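# Per-entry structural report
So you can see what is in the structure, the chains are spelled out below.
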Amino acid sequence: MVKVTYVAHDGTRTELEGDPGDSVMSLAIANGLDGIVGECGGSMMCATCHCYVDDDWQAATGARMDGEEDMLESAVCEVTGRSRLSCQITLSEALDGLVVHLPEEQV
Amino acid sequence: MSAGRVVIIGAGQGGLQAAMSLRQEGHSGPITLIGGEPGLPYQRPALSKAFLKTGEADKLALRPESFFATKDITLRTGEWVDAIDREAGVVRVGAEALPFDHLILATGTRNLRPAIPGIDRALDLRTLDDAAALRAALDRPRKVAVIGGGFIGLEFAAVAAGLGHEVSVAEAAPRLMARAVSPEMSRRFRELHEALGTALHLANGVTEVTETGLTLADGTEIAGDLVLLAAGVRPNTELAEAAGLEIANGIAVDAELRTRDPRIFALGDCAAFPEPGSGRRIRLESVQAATDHARAIARTIGTGTATPYAAVPWFWSDQSNLKLQIAGLADPTDDSVTLEDGAVLRFRDGRLTAVETINNAKIHMKARRLLAAAPVPTRDSLLQRNYDLTAA
């Protein structure tokens, strides 16, 4: 199991456990977490699963995927160097303990 | 903040989005979401793409069961609405009458089944059950014959060919995806499918589904021990029509997505709505239209302020290693300008109507923004930039 902590814009922390291979987006959706919409189901057609990867996890999550940066341009909240589409972060044992922060809005 | 009783007929992605958005808008009244298919609302786009390969049905649920209790949304699936009684202000489900103050029709579409001999032999690809049956049928080498060269048929054909099956596609129109893309893009995808080893039969409609495959208009026989019917859909308008609402290739609604009964809205695949800008009535079959419609309706109900619908349409299709992205909405006869990287710009009356790209999210996103601008860029202004959208 891979533990992921989602920190909502108001500071609320939600800890979820997923399987390797799940995405940070799909784990949130499967648990009904507010704050991630995931409208296109992970097809990289929208930016409604925007998250900010915690500073401590930048290296482990790696670089943005091909095309991800372009889709992030349509995110409604500020895009920073920490911004990722959470559908493009695939859980692995190496990401156990991952912390992501969520924007105020996704749509 | 609104507090009336909302009933939503149709628990697909649009119906669910309407329920979720109503809560986000602060709607405090009861929300009942009724769906004909059993189980939780799920994503359809993946059924003709990733799901065929992975078979992971549990990954398709749009929200978990617990979500509905948390949001106080009454989810009733596996139930069919019998009638809308506008006079009584109720929706009838069997002997039960559900009162509504606002009613949202999200009834979607169903597959067109052309009246040709043997059509019952052909399988559909619309529901999770359909997709699971197709996936199971692909467990041994098959001769796959697909009726219809649109998005669904071609996505399925690409997966089947990729798995090593022998695939044929029969399309009545002279080119692939003829309603949705430019002739140039049709050609590009024709090349893709031919390279995958798929036999394409264009301008050659199916006249019969036989025990051994398909018979085409020109007499050609195609071998097929697995036949998929993917010849388009028709909107589910019967409930609305029986209730005396206007039907025009879909449930007719105004710019606020209301029918002529101000309590009743329609969204997504089943709704015929005025295209922002042109005002002509259109009907779109896409996640984008369903969810953006849902949000606009939720805002109208939730805030009491009419919210005209104005989003730029977008579509996508994954076929083999090509991701086709379309921003905007072109007519089949709109002009085309093909750029060096294969992107196609569409124009009507000198204005940009749509941009078709392959594996190019940057241009796609840029196009969405350009098409949202008022006024939309002219062909001349784009030509002056050598059609470089990133410079526009």
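Keep in mind that this is a model prediction, so the values were computed, not measured.

### Some details on the overall build of chain A
Of regular secondary structure, chain A possesses 3 helices and 5 strands. The secondary structure elements of chain A, listed N-terminal to C-terminal, are β-β-α-β-α-α-β-β. Expected size for 107 residues packed as a compact globule is a radius of gyration near 13 Å; at 12 Å, chain A falls within 12% of this value. Overall size of chain A, expressed as C-alpha extent along the three principal axes, is 30 × 30 × 25 Å.

### Overview of the interface of chain B and chain A
Often the size quoted for an interface is simply the accessible area lost on bringing the parts together. Contacts between the two partners involve 24 residues from chain B, matched on the other side by 21 residues from chain A. In total, chain B and chain A occlude about 1700 Å² of area from one another, counting both sides; carbon and sulfur atoms represent 51% of this. Per-residue buried area on chain B facing chain A is highest for Arg63(B), Arg295(B) and Met365(B); these three make up 24% of the total on that side. Counting across the chain B and chain A interface gives 5 salt bridges. With a shortest N-O distance of 2.6 Å, Asp34(A) and Lys71(B) are connected by a salt bridge. Along the contact surface separating chain B from chain A lie 10 residue pairs in polar contact (both at pLDDT 80 or more). When residues of the side of chain B that touches chain A are traced back to their parent elements, those giving at least two are helix 1 (13-24), helix 8 (287-303), strand 21 (314-319), strand 22 (322-328) and helix 9 (361-372) of chain B. Looking at the side of chain B that touches chain A element by element, the count peaks at 6 residues for helix 9 of chain B.

### Side note on the sheet that holds strand 21 of chain B
Residues and elements named next belong to chain B. Taken together, the 5 strands give an open sheet; going across it, the order is 21-22-25-24-23, and neighbouring strands pair in antiparallel fashion. Across the chains shown, the open sheet's two edge strands, defined by having one partner strand only, are strand 21 and strand 23 (335-338). The sheet shows a mean angle of 20 degrees between the axes of neighbouring strands, taken without regard to direction. Bridge analysis of strand 23 against strand 24 (residues 344-348) gives 4 bridges, and the strand direction is antiparallel. Counterpart to Asp335 in the pairing with strand 24 is Phe347. Here helix 9 sits on the sheet and contacts strand 21, strand 22 and strand 25 (351-358); the angle it forms with strand 22, its principal contact strand, is near 10 degrees.

### Regarding the side chain of Thr215(B)
Residues and elements named next belong to chain B. Turning to its location among the elements, Thr215 is positioned in strand 13 (residues 213-216). At a separation of 3.4 Å, a polar atom in the side chain of Thr215 contacts the side chain of Glu221. When near neighbours in sequence (up to four residues on either side) are disregarded, Thr215 contacts Gly205, Val206, Thr207, Glu208, Thr210, Thr220 and Glu221.

### With respect to unusual backbone geometry
Residue and element names in this part refer to chain B. Note that the residue after Ala374, namely Pro375, is joined by a cis bond; omega there is -5 degrees. Secondary-structure assignment places Pro375 in the loop between helix 9 and helix 10 (379-384). A positive phi angle, close to 70 degrees, is found at Leu257, a residue other than glycine. The residue Leu257 is located in the loop between strand 17 (251-252) and strand 18 (264-266) in this model. According to the relative accessible area criterion, Leu257 is buried, its value standing at 0%. Backbone geometry places Asp349, a non-glycine residue, at a positive phi of 50 degrees. Relative to the helices and strands, Asp349 is located in the loop between strand 24 and strand 25. A residue is classified by how much of its surface remains accessible, and Asp349, at 76% relative accessible area, is exposed.

### A few points about the domain arrangement of chain B
For chain B, the assigned domains read domain 1 (6-110 + 233-303), domain 2 (113-229) and domain 3 (321-391). For domain 1 of chain B versus domain 3 of chain B, the separation of C-alpha centres amounts to 31 Å.

### Points about the nonpolar core
If you look at the biggest cluster of nonpolar residues, it comprises 90 residues, and the most contacted ones within it are Val91(B), Ile104(B), Leu105(B) and Phe156(B). The residues touching Val91(B), leaving out its near neighbours within four places in the chain, are Val7(B), Ile9(B), Ile34(B), Val81(B), Ala83(B), Glu96(B), Ala97(B), Leu98(B), Phe100(B) and Leu103(B). Within the second largest apolar cluster, 32 residues are counted, among which are Ala28(A), Cys51(A), Val53(A) and Val99(A).

### Regarding empty space enclosed by the protein
With the rule as written, the count across this model stands at 1 cavity of 30 Å³ or more. Considered as a void within the structure, the largest cavity measures approximately 70 Å³ in volume. Lining the largest cavity we find Val37(A), Gly38(A), Glu39(A), Gln13(B), Leu16(B), Gln17(B), Met20(B), Leu62(B) and Arg63(B). Considering only residue class, the lining of the largest cavity consists of 4 nonpolar, 3 polar and 2 charged.

### A closer look at the pattern of salt bridges
Residues and elements named next belong to chain B. Scanning all chains against the criterion turns up 37 salt bridges over all chains. Put simply, Arg44 and Glu37 hold a salt bridge, and the shortest N to O gap is 2.8 Å. Taking the relative accessible area as the measure of exposure, Arg44 reaches 29% and is therefore partly exposed. Of the charged contacts in the structure, one is a salt bridge between Glu256 and Arg258, with a shortest N-O distance of 3.2 Å. Relative accessible area serves as the criterion here: at 22%, Glu256 is assigned to the partly exposed category. The network of salt bridges with common partners includes Glu275, Arg280, Asp331, Asp334 and Arg348.

### Structural notes on the packing of helix 1 of chain B against helix 8 of chain B
Residues and elements named next belong to chain B. One way to put it is that helix 1 packs onto helix 8 with a least axis distance of 8 Å and a crossing angle of 30 degrees. What the angle tells us is that helix 1 and helix 8 run roughly parallel. Crossing handedness for the pair helix 1 and helix 8: right-handed. Contacts between helix 1 and helix 8 involve Gln13, Gly14, Gln17, Ala18, Ser21 and Leu22 on the former and, on the latter, Val287, Ala290, Thr291, Ala294, Arg295, Ala298, Ile301 and Gly302.

Calculation criteria
Residues numbered from 1 in each chain as written. Chains lettered and ligands numbered in written order. Predicted model: local features only at pLDDT ≥ 70, side-chain atom pairs only at ≥ 80, totals over all residues. Heavy atoms only, no water. Helix = DSSP H or I, 4+ residues; strand = E, 2+ residues; numbered from the N terminus. Rg over C-alpha atoms; globule rule 2.2 N^0.38 Å. Contact = heavy atoms within 4.5 Å. Buried area = accessible area lost by both parts, 1.4 Å probe. Salt bridge = Lys/Arg side-chain N within 4 Å of Asp/Glu carboxyl O. Polar contact = N/O pair within 3.5 Å; in protein donor to acceptor, adjacent residues only side chain to side chain. Pairing = 2+ DSSP bridges. Axes fitted to C-alpha atoms, helices over the stretch in contact; angles between N-to-C directions. Buried < 20%, exposed > 50% of the residue type's maximum accessible area, 1.4 Å probe, protein only. Domains from an automatic or database assignment. Core = buried A, V, L, I, M, F, W, Y, C linked by side-chain atoms within 4.5 Å. 1 Å grid on protein atoms, 1.4 Å probe; cavity = no way out; pocket = protein on both sides within 12 Å on 5 of 7 lines; lining within 4 Å. Points joined across faces, edges and corners; volume = space filled by probe spheres on them. Nonpolar A, V, L, I, M, F, W, Y, C, P; charged D, E, K, R; others polar. Parallel < 35°, antiparallel > 145°, perpendicular 65-115°, else oblique. Left-handed = near helix turned anticlockwise from the far one by under 90°.

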